[in-house]
Amino acid sequence: MNAEAGTKSPTTRKTSLYRLRTMGAGGAEDLATMVVPRYLDRDGFHAAIVEHGPLQGMLVSGTIAPGTADWCATLAALSGLAVQEENRTSLGLLLVRTGQAVYALSYGMGHLMIDPARIDPGFGIEFAVRCLDKDRITKVRRQIMDARGRTDENSATAGEHIRGFGIEEFGEIVSQISGQITDVPLTFTRDGRRAAHVTGTDRSVKIHLGSSPVDLVEDLRSIEEVCARPNPLPEFEFITQVRPLSPRSERAQQLDARLDLLLGTGDMSRVALAVPGECRDRFEFAEAFRLRLAGRNELVAALDVADLAEAVRARPQGQRLATLRSGRVEMFADTEAADRLSRKVPADQWVTAEIPDGPVHYFYWQGQWYEVGAEYLTAVRRRVSELLARPATVVLPPWTNGEVEAAYNEKVAEQEGYVLLDKDTIRTERLRGGGLEIADVLGPQGQLIHVKRTDSRKGTAPLNHLFAQGRVAVETLRYDLVAREKFVAKLDELAPGHPADRSFAAPTVVFGILLKDGEPMTVDSLFAFAQVSLLHTATALQGMGAKLEIVSIGRGPIG
């Protein structure tokens, strides 16, 4: 129905709004350059310059009708009836130029027409965290930036305080946040009877915008005023410290080139193994990995970041990272590669890297670049310093040059009250038949001591493994009754009468770490991504009632 029939046209419409990057002077740039070219030339699509009142821009629209829907044959076979339905996908895109920026309003599947390299990846979150009501948050989606690689999404229909979503202050990327906004004059809220609800993502803002040129331009001005506020609201400030970069942006491509160079040097000090999110749940049970990379097709017992880097190191400059991206890694639960645990995952998703650039650091994680601000890194360093400063309740002797890890653990266990557990594994159905080392050595008060020596060739991969081992050991003792009973029985066999609390309700986990050349453990000697992983491990252990201690192992003389 139309307005003449008695139906009043809506004054607003919920719209996906993108802010676009301009090249040079935004006021002079041809808006058509921001649209994927094939849509400008496609049959059935139309592009036109818009000059309508205060609104200046460009409109592109069209419909894709590829023919019969691909589900028709299946539905016909199931029902025995003829099914002939057509897919029709409509695309609408309005580019609007203001004095500050160029915006894209997407309708239907209109976002497909935007050149991805032009999308400002920080816009949606930047807007949301400057105007959301901290007590009326309805949804949060976040990614964990450590070896777990997990994505979490939590909703609260009625809305709740941002802290109720349990976001960890360090090492989490908030890629979507929804809720009510306050103190933003919009067409939608002009009558004063309703609050606006928005969703800010790492690409866009979904919000009710005015349906007339005057109202739309006024709404955009209000949004620009919010984004111009110097700081996010205090409750959301931590969210803005990590932001993704568009893969096709100039900055991301520059970082690709720097990582490509780094892969050619053999220096693993800022490169580490990262377990893809889809592999994390079963990673601990993997007994073999199939590596298809740079012409190699081999089965390895353990995956090492050095294996990945070495495979592409000899490739010509500019081809190393591309080779990683085209390579594949597959996990198996057995050494014969018969029991598959994962699909063939792109090899670059198993690699994380840190590229410092003055006060800002960039991280390659899960196949994408992220920018980390100086304030965030300062806060991470402060927390890590606090962890390192905690007094230790165990004594770990110097590590003699040339001494292997097994021999060192034996030396630790020679001390009064210490028990050697190295390679003494626990097996249960929960572990799918795989063995788990609860610890390398048990301390005099029942401390679970995990020992690791780093290697410059392997970067921080040993530390990632160490942190995961400590966390999984506590999870197993806490949640797997069979494993705990088997471990207690083994302890009673090895050291009858040992004073360790057999319930392990509040264990102490000790990470004993020997850095390269025996240098002291400090925030300056730890790769920044490893610092984030350490903080998440500390938080996870604290949540399970465990205490964490870190001991820096020194170097001894040659044996």
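## Describing the packing of helix H9 (residues 374-388) against helix H13 (residues 528-543)
So, step 1. Contact pair H9 / H13: the axes reach a minimum separation of 10 Å and the direction vectors enclose 55 degrees. Taken together, the axes of H9 and H13 are oblique relative to one another. Once H9 is placed against H13, the crossing between them reads as left-handed. Facing H9, whose interface residues are Tyr376, Val380, Arg381, Arg383, Val384 and Leu387, H13 presents Gln531, Val532, Leu534, Leu535, Ala538 and Thr539.
So, step 2. Here the residues of the contact of H9 with H13 sort into eight nonpolar, two polar and two charged.

## Observations concerning the packing of aromatic side chains
So, step 1. Inspection of every chain in the model, using the stated rule, returns ten aromatic pairs.
So, step 2. Ring centres of Phe283 and Phe289 lie 6.0 Å apart, and the angle between their planes is 50 degrees; on these two criteria the pair is classed as tilted.
So, step 3. Judged by its relative accessible area of 3%, Phe289 falls in the buried class.
So, step 4. A centroid spacing of 4.3 Å and a plane angle of 5 degrees characterise the contact between Trp399 and Tyr408, whose relative ring orientation is stacked. The two residues Trp399 and Tyr408 agree in class, both being buried.

## A word on the packing of helix H5 (residues 250-265) against helix H7 (residues 305-313)
So, step 1. Close contact between H5 and H7 brings their axes to 8 Å; oriented N to C, the two are set at 95 degrees. Accordingly, the angle class assigned to the pair H5 and H7 is roughly perpendicular. In this structure, H5 contributes Leu263, Gly264 and Thr265 to the contact, and H7 contributes Ala309, Val312 and Arg313.
So, step 2. In terms of residue class, the contact of H5 with H7 is built from three nonpolar, two polar and one charged.

## Quick word on the environment of Thr63
So, step 1. Here Thr63 shows up in strand E3 (residues 55-68).
So, step 2. The partly exposed category is assigned to Thr63, whose relative accessible area is 35%.
So, step 3. Considered as a pair, Thr63 and Gly108 are 45 residues apart in the sequence and their alpha carbons are 9.8 Å apart.
So, step 4. What Thr63 contacts, discounting residues up to four positions off in sequence, is Gly44, Phe45, Arg88, Thr89 and Ser90.

## A short note on the side chain of Asp256
So, step 1. Mapped onto the fold, Asp256 is located in helix H5.
So, step 2. Looking at Asp256, the relative accessible area reads 15%, which means it is buried.
So, step 3. Asp256 has contacts with Leu321, Arg325, Tyr364 and Trp369, leaving out every residue within four places of it along the chain.

## Re the environment of Leu463
So, step 1. Along the chain, the position of Leu463 falls in helix H11 (residues 461-479).
So, step 2. Sequence separation between Leu463 and Gln531 is 68 residues, and the spatial gap between their C-alpha atoms is 9.9 Å.
So, step 3. In this view, Leu463 contacts Thr454, Ile513 and Leu526; residues no more than four positions away in its chain are not counted.

Reading guide: rules and limits
- Residues numbered from 1 in each chain as written.
- Predicted model: local features only at pLDDT ≥ 70, side-chain atom pairs only at ≥ 80, totals over all residues.
- Heavy atoms only, no water.
- Axes fitted to C-alpha atoms, helices over the stretch in contact; angles between N-to-C directions.
- Helix = DSSP H or I, 4+ residues; strand = E, 2+ residues; numbered from the N terminus.
- Parallel < 35°, antiparallel > 145°, perpendicular 65-115°, else oblique.
- Left-handed = near helix turned anticlockwise from the far one by under 90°.
- Contact = heavy atoms within 4.5 Å.
- Nonpolar A, V, L, I, M, F, W, Y, C, P; charged D, E, K, R; others polar.
- Phe/Tyr/Trp six-rings, centres within 6.5 Å; stacked < 30°, edge-to-face > 60°.
- Buried < 20%, exposed > 50% of the residue type's maximum accessible area, 1.4 Å probe, protein only.

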